[in-house]
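One-letter residues, chain by chain:
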Amino acid sequence: MALTLFDKLWNEHLVESQQDGSDLIYIDRIFLHERTGSIALSSLQAEGREVFCPEQVFCCMDHIVDTFPDRSDDTTMPSGKDFIVATRNHAHSAGIALFDLLDPRQGIVHVVSPEQGIVQPGMSLVCPDSHTCTQGAMGALAWGIGSSEAEHALATKTLRVQRPQTMRVSFEGELAQGVSAKDMILHLIASHGAHGGSGYAVEFAGAAVTRLDMEARMTLCNMAVEFSAFTGVIAPDAKTLDFLRGRPYAPVGERWEQAAAYWRTLRSDPDAQFDRELVVDCSALQPQVTWGTSPQHTVAITAAVPAPDAPGATDRAGRERALAYMGLEVGLPLRGLAIDAAFIGSCTNSRISDLRVAAAVLRGRRIAPGLRAICVPGSMQVKAQAEAEGLDRIFTAAGFEWRASGCSMCFYAGGEHFGYRQRVISTTNRNFESRQGPETRTHLASPVTVAASAIRGCITDPREFLES
Amino acid sequence: MDEFVRHEGIAAPLLRDNIDTDAIIPSREMRRVSKHGLGEGLFAGWRYLSQEGREPNPDFVLNRPAYRGASILLGGANFGCGSSREHAVWALKEYGIRAIVAPGFGTIFAGNCVRNGLLPLVLPGEVIAAIAAWVRAAPGENRVLIDLQAQRLEAAGQAFYFDIDAGARRMLLQGLDAIALTLTRGEVIDRFHRRRQELRPWLY
């Protein structure tokens with residue numbers, strides 16, 4: 001029988017089907033972080049349960065750590081230290097590898113895992129973090145879970161899961177200059193709604209996906225959860241193997257050959273049937289930007305703020321609320337809308353390729369007067385690489401703050417934030433109410449769009465800065 | 001874990017689509033490494049007049065006297081989307097919410113509900129809108145009854161039948177500890193684990 005990539009990954013990890021219709025799925029790797037992992041580990045310990053295979057569990061300090069150069073356990077977030085210390089103590093007593101605050105490999109979990117070669121094609125990997133779907137870009141079965149499920153995975157090396165349906169989203173056509181994976185996924189969510197992928201595991205395929213480099217594929221899969229999908233996955237290919245080869249946790253020698261032979265089978269069979277198929281033509285795709293408080297509130301950067309009852313809008317009341325929250329009027333062009341701050345970072349867009357495209361626009365230019373602009377590399381290795389390439393000097397000369405790694409102001413945990421009702425253009429993944437700070441007004445966009453907007457001090461089409 | 005078998009209570013309509021877990025419990029309200037002490041932060045951004053204070057916003061549904069003691073939420077599409085934080089469910093539970101009725105749920109959120117004895121109940125949006133209209137007429141008297149055994153919700157003098165996957169239903173009805181349940185399959189898991197070490201040795 002012809003199988004989809006997701007079917008193959010699922011079957012590979014199926015321990016047994018339960019009588020109640022759920023499947024017992026074997027978990028190869030577990031990631032934790034200090035925000036939700038600390039509670040999972042402490043709760044497990046309180047129940048007197050042990051970690052099944054601690055050597056296959058990893059932990060990152062990323063969510064609430066400060067990103068200032070001289071950071072320590074004392075965080076800007078009032079009780080952040082409690083989370084950091086609890087996580088460290090539990091990780092040590094459980095024998096879990098920890099990428100701690102001062103470790104040169106420290107960074108955002110979904111940046112660190114591929115960077116270290118921990119996530120590999122064909123693997124199952126979970127983390128109590130919704131953006132774990134990012135790692136599906138490696139051809140892995142990777143998805144976000146809650147804390148109780150994390151305890152379950154830690155104690156039993158399995159999870160009881162309802163098998164999702166399968167969807168293929170084929171991105172066809174060639175991306176124009178200035179258009180990236182971020183624009184692809186925002187456009188998809190705008191077209192089919194923030195719940196469009198609900199109940200499905202989504203395979204991203206098509207010529208435009210094949211052409212993306214691995215980091216861009218991670219950006220695409222990262223926002224599968226904003227589409228409410230169970231996860232996103234991309235079939236591994238030569239780019240995947242090239243990316244993985246030589247990384248610290250990647251297999252070597254004969255083991256590599258053995259693994260690679262298996263990895264090459266991880267693709268949907270030509271006549272595999274999906275429960276749903278979507279096709280997105282990318283050839284006319286423009287840079288995208290959000291105007292509202294859900295990722296589905298996305299338009300092309302050349303568009304105006306849409307009316308709440310615009311064709312295809314299903315959440316009129318939500319759109320009216322969003323307009324009021326964002327302080328916007330229907331019909332106002334997004335281009336030219338003044339911003340207070342610009343943010344480049346998060347598990348969506350903080351990898352070296354993201355920093356390179358932003359730096360290419362910022363080179364030799366200055367951000368608008370009075371604007372606050374911050375760049376937070378996704379890991380300390382990304383930061384080191386960027387510094388080796390001189391990108392840090394481009395960012396700082398342009399007026400950006402250059403930070404140490406962490407989730408930073410992707411979300412506001414009571415510490416650092418952009419300020420009351422500040423308007424921010426951001427490479428992050430969520431424009432929810434007060435996500436980035438008290439009543440902060442977030443506009444999601446790609447790194448190049450954020451860089452271009454930072455220079456002008458208003459939402460700006462990045463193509464104005466790109467040579468044809 | 002707490003069981004959910006049958007529950008009758010005041011239902012509060014909050015019919016917004018895409019209510020995310022940041023709205024249910026803002027990250028700034030997750031102050032301790034604990035599953036407790038979160039009820040006060042529930043819907044903090046909407047429930048209080050300012051982010052610094054605790055003065056109730058009189059317009060927010062849960063603050064209206066008629067909905068005092070509400071134990072059921074009527075929600076919009078994609079309820080609980082966004083962050084995986086189980087704190088959203090812990091906050092709802094601590095506040096006293098036992099069931100949420102919505103046209104759909106964020107996947108991780110729905111799983112978190114089931115693991116904490118909170119019922120995520122799916123009904124079509126137009127049915128929920130009709131129930132909400134009936135509830136609004138007299139919130140204290142027009143109570144909603146949910147019978148999970150029968151997969152039936154009673155409101156507005158009608159019975160609405162709902163689907164729920166068998167695994168979630170069993171977990172809720174019996175208040176099962178999923179980990180304990182899975183540990184009874186330890187032998188099968190061990191066998192799979194050993195076989196996988198032979199089949200995919202590079203993973204070990």
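Preceding this paragraph is the structure being described.
Worth saying up front: this structure is predicted, and the values here are computed from it rather than measured.

**Student:** How should I be thinking about the sheet that holds strand β5 (residues 119–122) of chain B in this particular structure?
**Tutor:** Backbone hydrogen bonds are what pair the strands of a sheet, in a parallel or an antiparallel way. Residue and element names in this part refer to chain B. As summarised here, the arrangement of the four strands in space is β2-β3-β4-β5, forming an open sheet in which the pairing is parallel. Sheet topology places β2 (11–14) and β5 at the edges, where each strand pairs with a single neighbour. Taking each pair of neighbouring strands and ignoring which way they run, the sheet shows an average axis angle of 20°. For strand β4 (residues 99–102) and β5, the ladder comprises four bridges, and the chain directions are parallel. Paired with A99 across the strands is L119, a residue of β5. Relative to the sheet, helix α5 (residues 125–137) contacts β2, β3 (72–75) and β4, its axis offset from that of β3 by approximately 130°.

**Student:** Explain the interface of chain B and chain A to me, please; I cannot follow it from the model alone.
**Tutor:** Interfaces are frequently sized by the accessible area removed from exposure as the parts join. The partner chain A presents 73 residues to the 53 residues of chain B that form the contact. Contact between chain B and chain A buries roughly 5,200 Å² in total, counting both sides, with carbon and sulfur atoms accounting for 54%. Counting every contact that joins chain B to chain A gives nine salt bridges. One salt bridge connects E151 of chain A with K35 of chain B, and the closest N-O pair in it is separated by 3.4 Å.

**Student:** I'm lost on the pairing of strand β6 (residues 144–147) of chain B in this one. Help?
**Tutor:** A regular strand places its side chains on the two faces of the sheet in alternate fashion. Residue and element names in this part refer to chain B. Residue alternation in β6 divides its side chains into two sets, V144 and I146 and L145 and D147, and both sets are buried. Inspection of the sheet shows strand β1 (residues 6–9) paired to β6 by four bridges, in the antiparallel sense. Considered in β6, the bridge of R6 is made with D147. Across three bridges, β6 lies against strand β7 (residues 152–155) in antiparallel orientation. In the strand pairing of β7, D147 is matched with R152. In this structure, the hairpin formed by β6 and β7 is closed by a connection of four residues, where Q151 is found at a positive phi of approximately 50°.

**Student:** Sorry, what's going on with the packing of aromatic side chains here?
**Tutor:** Aromatic ring pairs: the centre-centre distance and the angle between the two ring planes describe each pair. Within this structure, the stated rule accounts for 21 aromatic pairs over all chains. Summarising the aromatic geometry, the rings of Y26 of chain A and F192 of chain B are spaced 5.1 Å apart at their centres and angled 40° between planes, so their arrangement reads as tilted. Residue Y26 of chain A is found in strand β2 (residues 23–26), and its partner F192 of chain B is found in helix α8 (residues 186–199); the two belong to separate chains. We classify Y26 of chain A as buried; its relative accessible area is 0%. In this structure F192 of chain B comes out as buried when scored by relative accessible area, which is 6%. Three or more aromatic residues joined by ring pairs make a cluster, and in this case those are F6, W10, W143 and F230 of chain A.

**Student:** Looking at this structure, I do not really get the packing of helix α12 (residues 352–362) of chain A against helix α13 (residues 380–388) of chain A. What am I missing?
**Tutor:** The relative placement of two packed helices comes down to the angle between their axes together with the axis-to-axis distance. Residues and elements named next belong to chain A. Relative orientation of the contacting elements α12 and α13 amounts to 40°, with a least axis distance of 10 Å. Between α12 and α13, the crossing angle belongs to the class labelled oblique. Seen from above, α12 lies across α13 with right-handed handedness. Side by side, α12 and α13 meet where I352, L355 and R356 of the first sit next to V382, Q385 and A386 of the second. A class-by-class count of the residues in the contact of α12 with α13 yields four nonpolar, one polar and one charged.

**Student:** Please clarify how helix α15 (residues 447–456) of chain A should be interpreted in this entry.
**Tutor:** It helps to recall that an α-helix has 3.6 residues per turn; residues three or four apart then point in one direction. Residues and elements named next belong to chain A. For α15, the buried fraction is high: nine of the 10 residues fall into the buried class. All of the buried residues in α15 are P447, V448, T449, V450, A451, A452, S453, A454 and I455. Where α15 is buried, its residues meet β15 (341–344), α12 and β18 (423–426). Following α15 by one or two positions, G457 has its phi on the positive side, about 80°.

About the thresholds
Residues numbered from 1 in each chain as written. Chains lettered and ligands numbered in written order. Predicted model: local features only at pLDDT ≥ 70, side-chain atom pairs only at ≥ 80, totals over all residues. Heavy atoms only, no water. Pairing = 2+ DSSP bridges. Helix = DSSP H or I, 4+ residues; strand = E, 2+ residues; numbered from the N terminus. Axes fitted to C-alpha atoms, helices over the stretch in contact; angles between N-to-C directions. Contact = heavy atoms within 4.5 Å. Buried area = accessible area lost by both parts, 1.4 Å probe. Salt bridge = Lys/Arg side-chain N within 4 Å of Asp/Glu carboxyl O. Buried < 20%, exposed > 50% of the residue type's maximum accessible area, 1.4 Å probe, protein only. Phe/Tyr/Trp six-rings, centres within 6.5 Å; stacked < 30°, edge-to-face > 60°. Parallel < 35°, antiparallel > 145°, perpendicular 65-115°, else oblique. Left-handed = near helix turned anticlockwise from the far one by under 90°. Nonpolar A, V, L, I, M, F, W, Y, C, P; charged D, E, K, R; others polar.

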